[in-house]
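Coordinates in review
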Amino acid sequence: MSIRQNLEKIRQEIPDNVTLVAVSKTMPVSAIREAYDTGQRHFGENRVQELILKQPQLPDDILWHMIGHLQTNKVKYIISFVHLIHSVDSWKLMQVIDREAGKLHKIQDCLFEMHIAEEESKFGFAYEELLDILREEEWKNLQNIRWRGVMGMATFTDDIPRVKREFGKLKEIFHTLSRDFFMQEDNFSEISMGMSGDYQAAIAEGSTIVRIGTKIFGTRH
Ligand SMILES: *Cc1c(COP(=O)(O)O)cnc(C)c1O
C-alpha cells in the first residue's frame, strides 16, 4: 500500500472532527511530500534536530506538531514555526516557551502532556503535579501560551481494555481541568491521544487529535 492509500483508508475511518497528525519522524522529506500532495497538512515530529532540518525543505503551509520530549534549551529553534506543542511536561518548560514566544510576539498553542500509562515512563505530568502548578496563580502570567488541551500515551500493549481505561483517564483529566481552570476558554478543547495501534480505541474514548506514523509511512528502521 502506498502512502496515499494508507492516508485515504485512515481518513475514511476517523470522524471529521478528529485531526489526523501524520507522524513523519525518521521518514525522508520525499515521504512527507507524498503525503502533502494528497492534501495532508498536519505533520508530527518528535526530535527538534530532525524537525529543523525538514521544515525549511517543505511547504510553508504545513502545520508542524512537536510531539516528543522537548528540552528547554531547544525551544528557541522551533518556536517561530511550530503549530502545536503536545509535550509540555514541566513548569520550567512552560516558562521557557512563554518567554521565547513572547520574544516573537507569538501566542503559542500548547497541550499538557499527561502521564496516563499504568507502566513507568519518564515523561508527562502526573495529575497531582499539574494540579499543584495550576492551583498557584503564577501560570496565569504566561500570556504567550494558549492552552488547547491535553496529550497522553497509553501503554504499548494488546490489552485493549487497559488501553481504553488509560484513554478514559485522560478524557476525565481533560474534563476536570476544563471545569476547574479553563471554564471561560473555548480554546481548551483538544485531547491528543491515539497512535497506529490504538487510534480506534482512542477515538471511542473521545480523542480529537490522533498521531499516526507507522500506519501511514510504514515501519521505521
Ligand atoms: C512515534 C509517535 C507516534 C506515532 O506512532 P506510530 O505507532 O508509528 O503511529 C505518536 N505519538 C508520539 C508521541 C510518538 O512519539
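Higher on the page you've got the structure.
Described below are features of the structure shown in this document. (Residues numbered from 1 in each chain as written. Predicted model: local features only at pLDDT ≥ 70, side-chain atom pairs only at ≥ 80, totals over all residues. Heavy atoms only, no water.)

1. Looking at the site of the ligand
The cut-off we apply is this: We define proximity as follows: a residue is near a molecule or strand when any one of its heavy atoms falls within 4 Å of that partner. Counting of polar contacts relies on pairs of N or O atoms within 3.5 Å, with two restrictions inside protein: one atom must be capable of donating a hydrogen and the other of accepting it, and residues adjacent in sequence are counted only when both atoms are side-chain atoms. Residue-level accessible areas treat just the shown protein chains as cover; the underlying method is Shrake-Rupley with a 1.4 Å probe.
Around the ligand, the structure places V23, K25, I67, M153, M195, S196, R211, I212, G213, T214 and R220. Within the contact set of the ligand, an oxygen atom lies 2.7 Å away from a side-chain nitrogen or oxygen of K25. R211 places a side-chain nitrogen or oxygen 2.9 Å from a nitrogen atom of the ligand. Considered on its own, the ligand offers 390 Å² of accessible surface; in the complex 91% of this is hidden by protein.

2. A short note on the packing of helix α6 (residues 127–135) against helix α7 (residues 160–181)
Counted only if it meets this: Orientation is described by axes fitted as lines to C-alpha atoms, over the contacting stretch for helices, and by angles from 0 to 180 degrees between their N-to-C directions. Numbering of helices and strands starts at the N terminus; helices are DSSP runs of H or I of at least 4 residues and strands are runs of E of at least 2. Reported orientations rely on four angle classes, namely roughly parallel under 35 degrees, roughly antiparallel over 145, roughly perpendicular from 65 to 115, and oblique for the rest. Here, two residues are considered to be in contact whenever any of their heavy atoms come within 4.5 Å of each other. Residues were grouped as follows: Ala, Val, Leu, Ile, Met, Phe, Trp, Tyr, Cys and Pro as nonpolar; Asp, Glu, Lys and Arg as charged; and all remaining residues, including Gly, as polar.
Look at α6 against α7: their axes get within 12 Å of each other, and the N-to-C directions meet at 10°. Overall, the two elements α6 and α7 adopt an arrangement that is roughly parallel. Facing α6, whose interface residues are Y127, L130, L131, L134 and R135, α7 presents I173, T176, L177 and F181. The residue inventory of the contact of α6 with α7, partitioned by class, reads seven nonpolar, one polar and one charged.

3. Concerning the pairing of strand β3 (residues 63–66)
How we decide: Two strands pair if DSSP finds at least two bridges between them. Note on handedness: a clockwise path from strand one over the helix to strand two, with the strands aimed away from the viewer, defines a right-handed crossover.
In this structure, strand β2 (residues 42–45) lies alongside β3, joined through four bridges in parallel fashion. What sits directly across from E45, in β3, is M66. In this region the chain leaves β2, passes through helix α3 (residues 48–54) and returns to the parallel neighbour β3; the handedness of that crossover is right-handed.

4. Thoughts on the nonpolar core
Heads up, the rule is: By convention a nonpolar core is built from buried Ala, Val, Leu, Ile, Met, Phe, Trp, Tyr and Cys residues, the set being connected through side-chain atoms within 4.5 Å. Classification of residues uses two cut-offs on accessible area relative to the type maximum, computed with a 1.4 Å probe and protein chains only: under 20% is buried, over 50% is exposed, and between them is partly exposed.
Residues F112 and W147 are the most contacted members of the largest nonpolar core, which totals 65 residues. Of the residues forming this core, the biggest block, six residues, is contributed by α7. Among all residues touching F112, those that are not within four sequence positions of it are H86, V88, M94, F125, L130, L134, W147, G149, V150, M151, F182 and F188. Grouped together as the second largest cluster of nonpolar side chains are five residues, V21, L84, L111 and I209 included.

5. A closer look at α7
Applicable threshold: For a helix, the expected span equals 1.5 Å multiplied by the number of residues minus one.
For α7, built from 22 residues, the straight-helix expectation of 32 Å at 1.5 Å per residue is met to within 8% by its first-to-last C-alpha distance of 31 Å. Residues V163, E166, F167, G168, L170, I173, F174, T176, L177 and S178 constitute the buried set of α7. Where α7 is buried, its residues contact β5 (108–114), α6, β6 (145–152), β7 (190–192) and α8 (199–204).

6. A look at the environment of D159
Summarising the element assignment, D159 is placed in the loop between β6 and α7. Separated by 40 residues in sequence, D159 and Y199 have C-alpha atoms that sit 14 Å apart.

7. So, a negative patch on the surface
Definition in use: Only residues whose relative accessible area exceeds 30% and that take part in no salt bridge are eligible for patches, with like-charged residues grouped when within 9 Å of each other and nonpolar side chains (Val, Leu, Ile, Met, Phe, Trp, Tyr) grouped when within 5 Å. We define a salt bridge as a contact between a side-chain nitrogen of Lys or Arg and a carboxyl oxygen of Asp or Glu at a distance within 4 Å. Counted as positive: Lys and Arg. Counted as negative: Asp and Glu. His and the chain ends are not counted at all. Each charge is placed at NZ for Lys, CZ for Arg, CG for Asp and CD for Glu.
On the surface, a cluster of negative charge is made up of E128, E129, D132, E136 and E138. Checked against the element boundaries, E138 lands in the loop between α6 and β6. Taking the relative accessible area as the measure of exposure, E138 reaches 48% and is therefore partly exposed.

8. Section: the side chain of S178
Summarising the element assignment, S178 is placed in helix α7. Take S178: its relative accessible area is 16%, and that puts it in the buried class. Beyond its immediate sequence surroundings of up to four residues, S178 is in contact with M183 and F188.

9. With respect to unusual backbone geometry
Residues other than glycine predominantly adopt negative phi, and peptide bonds predominantly adopt the trans conformation. Positive phi outside glycine occurs at T26, with the angle close to 70°. Within the secondary structure, T26 is located in the loop between β1 (19–23) and α2 (29–36). Assessed through its relative accessible area of 45%, T26 is described here as partly exposed. The phi dihedral of H105 falls on the positive side, at around 55°, and the residue is not glycine. As for its placement among the helices and strands, H105 is situated in the loop between α5 (91–103) and β5.

10. Quick look at the environment of K54
Mapped onto the secondary structure, K54 falls in helix α3. In this structure, the C-alpha to C-alpha distance between K54 and I32, residues 22 residues apart in sequence, is 9.3 Å. Not counting chain neighbours up to four residues away, the residues in contact with K54 comprise S24, K25, T26, M27, V29, I32 and E45. A distance of 2.8 Å separates a polar atom in the side chain of K54 from a polar atom in the side chain of E45.

Just distances and angles here, no functional claims.
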